[in-house]
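Report on the structure
Letter by letter, the chains look like this.
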Amino acid sequence: MPTRNVVLSDHQHELVETLVRSGRYQNASEVLREGLRMIELREQQEAARLQLLKDAAARGWSDIEAGRYQEVAEDRLDDYLGQLGQSAARERTRD
């Protein structure tokens with residue numbers, strides 16, 4: 001198994017030691033591997049969220065190009081968004 005030397009701040013060192021002493025982890029390597037798993041999961045979740053945003057933007061541009069949109073006057077925007085929110089809430093309660 002590859003090894004690495006890492007430099008920890010005093011705070012990080014104490015955190016690792018506390019976690020090992022608590023019995024949750026047998027050693028510092030387990031603590032650091034768990035931290036890396038958490039980072040990996042966060043990176044995957046962020047990539048998935050970014051892809052969802054890109055997909056939504058592409059659908060939005062496609063809808064605009066196809067004429068599937070509704071113009072809303074600026075002074076009616078708050079009301080319109082409120083209606084959209086209520087509609088979305090009703091959809092969620094049906095699911």
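Look a little higher up for the structure.
To keep things clear, this report deals only with the structure shown in the data block. Keep in mind it's a predicted model, so treat the numbers as computed, not measured. (Residues numbered from 1 in each chain as written. Predicted model: local features only at pLDDT ≥ 70, side-chain atom pairs only at ≥ 80, totals over all residues. Heavy atoms only, no water.)

1. Some details on the overall build of the protein chain
Selection criterion: Numbered from the N terminus, helices here are DSSP runs of H or I no shorter than four residues, and strands are runs of E no shorter than two. Taken over C-alpha atoms, the radius of gyration is set against a globule rule of 2.2 Å times the number of residues to the power 0.38. Here the term buried applies to any residue with accessible area under 20% of the maximum for its type, exposed to any over 50%, and partly exposed to those in between, with areas from a 1.4 Å probe on protein chains only. Each accessible area value is a Shrake-Rupley result obtained with a 1.4 Å probe; residue values ignore everything except the protein chains displayed when judging cover. In this charge count, Lys and Arg are treated as positive and Asp and Glu as negative; neither His nor the chain ends contribute. Charge placement uses NZ in Lys and CZ in Arg. For Asp and Glu, CG and CD serve respectively.
When its secondary structure is counted, the protein chain shows three helices and zero strands. For 95 residues, the compact-globule estimate of 2.2 N^0.38 gives 12 Å, and the protein chain exceeds it by more than 25% at 24 Å. The proportion of buried residues among the 95 residues of the protein chain is 3%. Accessible surface, the protein chain: about 8,900 Å² in total, of which carbon and sulfur atoms supply 52%. Computed over 14 positive and 18 negative side-chain charges, the inter-centroid distance for the protein chain is 6 Å.

2. Focus: helix H1 (residues 10-21)
Operational definition: Each residue after the first adds 1.5 Å to the expected span of a helix.
Over its 12 residues, H1 extends 16 Å from the first C-alpha to the last, a length consistent with the 16 Å expected when each residue adds 1.5 Å. Taken from the residues just after H1, Gly23 is the one with a positive phi, measuring 90 degrees.

3. A few points about the environment of Glu74
The topology assignment puts Glu74 in the loop between helix H2 (28-65) and helix H3 (77-94). Its relative accessible area of 74% is what places Glu74 among the exposed residues.

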